[in-house]
Amino acid sequence: MFFNMLRPLTGLPVRFGSGAFAATTQPSLIMVRTLMKTHKGAAKRWRKTAGGYKRSKAGRSHGNTGWGQRALKQLSGRTMAASAHLKRLRRLLPYH
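The rules behind the values
- Per chain, the residues get numbers from 1 upward, laid out in the order the sequence is written.
- It should be noted that, the model being predicted, local features are given only for residues of pLDDT at least 70 and side-chain atom pairs only at 80 or more, the latter also being counted only at that level, while totals for whole chains, interfaces and linings use all residues.
- Each side-chain value is derived from all of the structure's non-hydrogen atoms; neither hydrogens nor water enter the calculation.
- UniProt positions are given in the numbering used here, feature names are shortened, and annotations may be inferred rather than shown by experiment.
- Working definition of a nonpolar core: buried Ala, Val, Leu, Ile, Met, Phe, Trp, Tyr and Cys residues. They are joined through side-chain atoms within 4.5 Å.
- Buried means the residue's accessible area, taken with a 1.4 Å probe over protein chains only, is under 20% of the maximum for its type, while exposed means over 50%, and partly exposed covers the values in between.
- Contact definition: two residues touch when any of their heavy atoms are within 4.5 Å.
- By the convention used here, strands pair only if DSSP detects at least 2 bridges between them.
- Put simply, DSSP marks the helices as runs of H or I at least four residues long and the strands as runs of E at least two long, and each gets a number from the N terminus on.
- Axis definition: a line fit to C-alpha positions, over the contact stretch in the case of helices; interaxial angles, taken between N-to-C directions, run 0 to 180 degrees.
- In this scheme, patches are assembled from residues that exceed 30% relative accessible area and form no salt bridge. Like charges are connected within 9 Å, while nonpolar side chains (Val, Leu, Ile, Met, Phe, Trp, Tyr) are connected within 5 Å.
- For the area figures, the Shrake-Rupley method with a 1.4 Å probe applies, and any residue is considered shielded solely by the protein chains shown.
- For this analysis, a salt bridge means a side-chain nitrogen from Lys or Arg found within 4 Å of a carboxyl oxygen belonging to Asp or Glu.

In the nomenclature of an unreviewed UniProt entry, the protein is known as 50S ribosomal protein L35 of Eremothecium gossypii. Annotation of the protein in UniProt includes, under Sequence similarities (unreviewed entry), the sentence "Belongs to the bacterial ribosomal protein bL35 family."

Description of the nonpolar core
Counting residues in hydrophobic clusters, the biggest one holds 7 residues: Ala42, Ala43, Trp46, Tyr53, Ala81, Leu89 and Leu93. The contact partners of tyrosine 53, leaving out residues within four places of it in the chain, are Trp46, Arg47, Lys48, Thr79, Met80, Ala81, Leu86, Leu89, Arg90 and Leu93.

Some words on the sheet that holds strand S3 (residues 78-80)
Read from one edge of the open sheet, 3 strands run S1-S2-S3, paired in antiparallel fashion. Either end of the sheet is taken by a strand with one partner, and the two such strands are strand S1 (46-49) and S3. The average angle at which neighbouring strand axes cross in this sheet is 35 degrees, direction not considered. As judged from the 3 bridges shared by strand S2 (residues 52-56) and S3, these two strands associate in the antiparallel manner. Its bridge partner being in S3, arginine 55 is matched across the sheet by threonine 79.

Things to note about a nonpolar patch on the surface
There is a patch of nonpolar side chains on the surface, built from Leu35, Met36 and Tyr95 and spanning about 370 Å² of accessible area. In this structure, leucine 35 sits in the loop between helix H1 (6-10) and helix H2 (40-45). Under the relative-accessibility criterion, leucine 35 is labelled exposed at 70%.

A closer look at the pairing of S2
Strand direction decides the pairing type here: S1 and S2, joined by 4 bridges, are antiparallel. Bridge pairing links threonine 49 to glycine 52 in S2. Counting the residues in the hairpin turn of S1 and S2 gives 2 residues.

Printed below as a string of structure tokens:
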């Protein structure tokens, strides 16, 4: 069925060799578009939202003894990506 679709594209009949998927006499005119790969490190750290990309804040995992509660509270939660990083994030996360 797939090979019947080649006839209108090439204008010539498609001929097969010994096997069902042997090389044709005419080169195929079907274009195949390669897909971009998602950067898995960026995918684990960033999430796409309606307003851009969000991430967790760094510096809250360990070594926080002696810090004030106000400083620790500022490190909690999420933050949005800066506008300077949006072009790079769109390239790293094409399908998110």
